[in-house]
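# Close look at the chain arrangement
This is what each chain is made of:
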Amino acid sequence: MTYGYHIHLNNGLNSFMGFDWICRHGGLNSSDYCEVYAGTIEADNETDACEALYTRFNLEQPEDYKGRSFSVSDVILLQSADESKSTAWFCDCIGFKNVTGIF
């Protein structure tokens, strides 16, 4: 599957905050995010893909990636290999939250 790694543009109010906090303070808005890296990943399912990408961008960063580590409030966009399904995943305080309807 392919992925896009997105970080919050404003390193102020909502950056590094959990989903519930963001919802109580104006909500999650896709226009506040910017794609900083894209690629492909082999995974059996979306949860495994999110976990693998979290590890990749914290412990095994690609050589051409010059950004910060993967953090709470970051978003991963996943697209199936046959391009029939796209989903969006918010990195929450614990685990990932499906935010496909927002992205």
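To keep things clear, this report deals only with the structure shown in the data block. (Residues numbered from 1 in each chain as written. Predicted model: local features only at pLDDT ≥ 70, side-chain atom pairs only at ≥ 80, totals over all residues. Heavy atoms only, no water.)

Let us look at the overall build of the protein chain. Scanning the protein chain from N- to C-terminus turns up 2 helices and 5 strands. For the protein chain, the N- to C-terminal ordering of α and β elements is β-α-β-α-β-β-β. Its C-alpha atoms give the protein chain a radius of gyration of 13 Å, within 12% of the compact-globule value 13 Å for 103 residues. Its C-alpha atoms put the protein chain at 35 × 30 × 25 Å along the principal axes. For the protein chain, buried positions account for 35% of its 103 residues. By sequence separation, contacts in the protein chain at least 24 residues apart represent 61% of the contacts at least 6 residues apart. Within the protein chain, the 15 negative side-chain charges are centred at a point lying 7 Å from the centre of the 6 positive side-chain charges. (Helix = DSSP H or I, 4+ residues; strand = E, 2+ residues; numbered from the N terminus. Rg over C-alpha atoms; globule rule 2.2 N^0.38 Å. Buried < 20%, exposed > 50% of the residue type's maximum accessible area, 1.4 Å probe, protein only. Contact = heavy atoms within 4.5 Å. Lys, Arg positive; Asp, Glu negative; His and termini not counted. Charge placed at Lys NZ, Arg CZ, Asp CG, Glu CD.)

Right, let's get into the packing of aromatic side chains. Inspection of every chain in the model, using the stated rule, returns 11 aromatic pairs. Ring centres of Tyr37 and Phe57 lie 5.5 Å apart, and the angle between their planes is 70 degrees; on these two criteria the pair is classed as edge-to-face. A residue pair is termed long-range when its members are at least 10 positions apart, and Tyr37 in strand S2 (residues 33–40) and Phe57 in helix H2 (residues 46–59) qualify at 20 residues. A connected cluster of aromatic rings, assembled from ring pairs, spans Tyr3, Tyr5, Tyr37, Tyr54, Phe57, Tyr65, Phe70 and Phe96. (Phe/Tyr/Trp six-rings, centres within 6.5 Å; stacked < 30°, edge-to-face > 60°.)

Quick look at the pattern of salt bridges now. As enumerated under the stated definition, the model contains 2 salt bridges in all. One salt bridge connects Lys85 with Glu46, and the closest N-O pair in it is separated by 3.5 Å. Of this pair, Lys85 sits in the loop between strand S3 (75–79) and strand S4 (86–91) while Glu46 is found in helix H2, placing the two residues 39 residues apart along the sequence. With a relative accessible area of 47%, Lys85 lands in the partly exposed category. Across the salt bridge formed by Arg68 and Asp74, the nearest N and O atoms sit 2.7 Å from each other. Looking at Arg68, the relative accessible area reads 22%, which means it is partly exposed. (Salt bridge = Lys/Arg side-chain N within 4 Å of Asp/Glu carboxyl O.)

The next thing to look at is the environment of Asp64. Among the structural elements, Asp64 can be located in the loop between H2 and S3. Relative accessible area serves as the criterion here: at 55%, Asp64 is assigned to the exposed category. Remark: the alpha-carbon pair of Asp64 and Tyr37, spanning 27 residues in sequence, is separated by 9.3 Å. Of note is the side chain of Asp64, whose polar atom sits 2.7 Å from the side chain of Tyr37. (Polar contact = N/O pair within 3.5 Å; in protein donor to acceptor, adjacent residues only side chain to side chain.)

Now for the nonpolar core. Core analysis: the largest hydrophobic core is formed by 15 residues, its most contacted members being Tyr3, Tyr5, Leu53, Phe57, Ile76 and Leu78. Residue assignment for this core shows that the elements contributing at least two residues are strand S1 (2–8), H2, S3 and S4. Of all the elements, H2 adds the most residues to this core, at 4 residues. Among the nonpolar cores identified, the runner-up in size contains 8 residues, and Phe19, Tyr33, Val75 and Val99 belong to it. (Core = buried A, V, L, I, M, F, W, Y, C linked by side-chain atoms within 4.5 Å.)

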